[in-house]
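The chain contents come next:
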Amino acid sequence: MNRTLYFLVHRHHFADEPGAPTTVDFMEDGEPLFWDDSEDSFTFVGLYSSRRRTEERIEQARTLPGFKDHPDGFHVHEYTVGQTYWAEGFRVGEQTEG
């Protein structure tokens, strides 16, 4: 039996602030063509066992400070337990040269 987990992240895009210049072009489905991640703040909200629980958490979080000003910043990523998603790994945060 495959088990799916739902990883919930909130992206606060500072360019969306009132008066900020718009630098993002969007595809037809609403996803950004390009994000300058230096203008973003990411918050890990939680890991959930069902889509329903994830959606309930989004509705609750949309009323909280830090989220309510950017209610469309929630992104759900589905992962099947036991699958390899990043065989080469991935970078988190800023890299420093040493």
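Scroll up to find the structure this text is about.
The notes below deal with the structure included here.

Calculation criteria
- Residues numbered from 1 in each chain as written.
- Predicted model: local features only at pLDDT ≥ 70, side-chain atom pairs only at ≥ 80, totals over all residues.
- Heavy atoms only, no water.
- Helix = DSSP H or I, 4+ residues; strand = E, 2+ residues; numbered from the N terminus.
- Contact = heavy atoms within 4.5 Å.
- Areas by Shrake-Rupley, 256 points an atom, 1.4 Å probe, with all protein chains shown as cover.
- Buried < 20%, exposed > 50% of the residue type's maximum accessible area, 1.4 Å probe, protein only.
- Polar contact = N/O pair within 3.5 Å; in protein donor to acceptor, adjacent residues only side chain to side chain.

1. Points about the overall build of the protein chain
Helix and strand counts for the protein chain come out as one helix and three strands. For the protein chain, the α and β elements follow one another from N to C terminus as β-β-α-β. Sequence separation of at least 24 residues holds for 71% of the intrachain contacts in the protein chain that already meet a minimum separation of 6. Put simply, the protein chain shows about 7700 Å² of open surface, and 49% of that area lies on carbon and sulfur atoms.

2. Looking at the side chain of His 70
Note on placement: His 70 falls in the loop between α1 (51-61) and β3 (74-80). Residue His 70 is classed as buried on the basis of its relative accessible area of 11%. One polar contact links His 70 to His 12, side chain to side chain, over a distance of 3.3 Å.

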